[in-house]
Amino acid sequence: MNPLRSLILAAAGNDAIRNLVAKAPLSRDVVRRFVAGETTAEAIEVTRTLVASGVSVTLDYLGEDTTDASLAEQTVQSYLTLLDQLHEQGLSASAEVSVKLSAVGQALDETLALDNASRICAAAEQSGTTVTLDMEDHTTTDSTLRVLAELRRTWPWVGAVLQAYLHRTQDDCAHLTGQGSRVRLCKGAYAEPASVAFDAGHEVDLSYVRCVNTLLAGDGYPMFATHDPRLIRVIAERAKWFDRKPGTFEYQMLYGIRPDEQLRLAREGHTVRAYVPYGEQWYGYLMRRLAERPANTAFFLRALASR
Ligand code: FDA
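Residues numbered from 1 in each chain as written. Predicted model: local features only at pLDDT ≥ 70, side-chain atom pairs only at ≥ 80, totals over all residues.

1. Overview of the pairing of strand 4 (residues 159-163)
Argument step 1. Judged by how many residues are buried, strand 4 sits mostly within the fold: five of five residues are covered.
Argument step 2. The alternating pattern of strand 4 places Gly-159, Val-161 and Gln-163 on one face and Ala-160 and Leu-162 on the opposite face, and all of these are buried.
Argument step 3. After leaving strand 3 (residues 131-133), the chain enters helix 7 (residues 141-154) and then returns to the sheet as strand 4, a path that is right-handed.
Argument step 4. By the bridge criterion, five bridges tie strand 4 to strand 5 (residues 182-186) in an arrangement that is parallel. Of the residues in strand 5, the one forming a bridge with Ala-160 is Val-183.
Argument step 5. This β-α-β element, strand 4 to helix 8 (residues 169-175) to strand 5, shows right-handed connectivity. (Buried ≥ 20, exposed ≤ 12 C-beta atoms within 10 Å, placed from the backbone. Helix = DSSP H or I, 4+ residues; strand = E, 2+ residues; numbered from the N terminus. Right-handed = clockwise from strand over helix to strand, strands pointing away. Pairing = 2+ DSSP bridges.)

This is the structure we're talking about:
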């Protein structure tokens, strides 16, 4: 992994740096490029704008690695309020939610995370929308897939993220190609050891393409989460090869990244979904976005320096 990326990912887990950045007089615009805001109302406003432009949304209430049951409960309550609002504002046909199990208690107890995720799924069902489970570092993959399997017994539409950088992922894709299965395929954003993950970018890309083939050949609904122009071209080619029409799979990108490309694909008739994070705990998320791309870091530092 390149040294800058390792450094920024290390900073993402460092409390001293977290406090420093969180207290810095950050320009709202910098954080706002990648984060919809801190409140439900702000998240709903960004959702409304994206949906009006033809882009669907998945909303992530930011918060991860909770080791406190009351914080996990707070996260559940935030999702319940959000789902209520999506329904009330007529947005639930185009906006779903993404949930990190670590934010609802996975590190404390898998059963607690399952119970909490079940409450969110029940509320999503009532609101007329869906839930996708984010995937975190590799130590949580088995647990997340166990929770997914449990949730899908009641709500077969619950989706999950799989990360192409993990050696195991093509097999995981093969297990999730059945009817109704929703898999969001991404490259992977955590610092992982070579024992479990490909390190070289081209190896990750090759793995991503193998997974694209597996998912498109299956009966599920693949959700291709990438900003990579080469991969987007490959997905378009393979979709034709597997006779997948628009609407039988979708493209997903992060809020604030390649917005023009999001609109271009939407105008071509594809479902495009932006992943929209919001909430007070934006720090870890922002650090991962900076680690992905030196240009993002330069943008961030320039904005800080100009304060
Ligand atoms: P990569 O970062 O390698 O970029 C490839 C190319 O894309 C670049 O060379 C450039 O051409 C273009 N590009 C990238 N960023 C750009 C920018 N800011 N502006 C212009 N061009 C840019 N990860 C995870 O571990 N667990 C998860 O649950 C999720 N969930 C998730 C949901 C969604 C909807 C998305 C889009 C992503 C995730 N991720 C994730 C993050 C994912 O793993 C990955 O870190 C990022 O998507 C970046 O990877 P790319 O595929 O974009 O390629």
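Next, the rest of the story.
2. Some points on the pairing of strand 2 (residues 95-99)
Argument step 1. Along strand 2, five of the five residues are buried, which leaves the element largely enclosed by surrounding structure.
Argument step 2. Every second residue of strand 2 is oriented toward a common face, with Ala-95, Val-97 and Val-99 on one face and Glu-96 and Ser-98 on the other, all of them buried.
Argument step 3. Relative to strand 2, strand 1 (residues 56-61) runs parallel, the two being bridged by four bridges. Considered in strand 2, the bridge of Thr-58 is made with Glu-96.
Argument step 4. Sheet analysis places strand 2 next to strand 3, joined by three bridges and oriented parallel. Bridging across to strand 3, Ser-98 finds its partner in Thr-132.
Argument step 5. Since strand 2 and strand 3 lie parallel, the crossover through helix 6 (residues 110-127) that links them has a hand, and here it is right-handed.

3. Focus: the nonpolar core
Argument step 1. If you look at the biggest cluster of nonpolar residues, it comprises 78 residues, and the most contacted ones within it are Tyr-79, Val-97, Val-99, Ala-117, Ile-120, Leu-185 and Val-276.
Argument step 2. Once residues within four sequence positions are removed from consideration, Val-99 is found in contact with Tyr-79, Val-104, Ala-117, Ile-120, Val-131, Leu-133 and Asp-134. (Core = buried A, V, L, I, M, F, W, Y, C linked by C-beta atoms within 7 Å. Contact = placed C-beta atoms within 7 Å.)

4. Considering the sheet that holds strand 6 (residues 221-225)
Argument step 1. Strands sit in the order 1-2-3-4-5-6-7-8 around a closed barrel of eight strands; the barrel is parallel. Each strand axis lies, on average, 30 degrees off the axis of its neighbour in the sheet, ignoring direction. (Axes fitted to C-alpha atoms, helices over the stretch in contact; angles between N-to-C directions.)

5. Quick notes on the site of the ligand
Argument step 1. The ligand sits among 24 residues. The nearest are Asp-134, Ala-225, Thr-226, His-227 and Tyr-275.
Argument step 2. Listed by contribution, the elements that provide at least two residues to the shell around the ligand are strand 4, strand 5 and strand 7 (250-254).
Argument step 3. Looking at the shell around the ligand, the element that brings in the most residues is strand 7, giving three residues.
Argument step 4. When grouped by side-chain class, the residues that make up the shell around the ligand number eleven nonpolar, six polar and seven charged. (Near = placed C-beta within 6 Å. Nonpolar A, V, L, I, M, F, W, Y, C, P; charged D, E, K, R; others polar.)

6. Some points on the UniProt feature "binding site: FAD" (unreviewed entry) in the protein
Argument step 1. The UniProt entry lists Met-135, Gln-163, Lys-187, Gly-188, Ala-189, Thr-226 and His-227 under the feature "binding site: FAD" (unreviewed entry), expressed in the numbering used here.
Argument step 2. You can see Gln-163 is positioned in strand 4.
Argument step 3. Residues contacting Gln-163, with those up to four places away along its chain left out, are Met-135, Thr-169, Cys-186, Lys-187 and Gly-188.
Argument step 4. Exposure remark for Thr-226: the 22 C-beta atoms within 10 Å place this residue in the buried category. (UniProt positions renumbered as here; feature names shortened; annotations may be inferred.)

7. A few points about the packing of helix 9 (residues 201-217) against helix 10 (residues 229-241)
Argument step 1. Direction vectors running N to C along helix 9 and helix 10 enclose 25 degrees, while the axes themselves pass 10 Å from each other. The orientation of helix 9 relative to helix 10 falls into the category roughly parallel. The chirality of how helix 9 crosses helix 10 is right-handed. Residues Asp-205, Tyr-208, Val-209, Val-212, Asn-213 and Leu-216 of helix 9 touch helix 10, and the partners they reach there are Leu-231, Val-234, Ile-235, Arg-238 and Ala-239. (Parallel < 35°, antiparallel > 145°, perpendicular 65-115°, else oblique. Left-handed = near helix turned anticlockwise from the far one by under 90°.)

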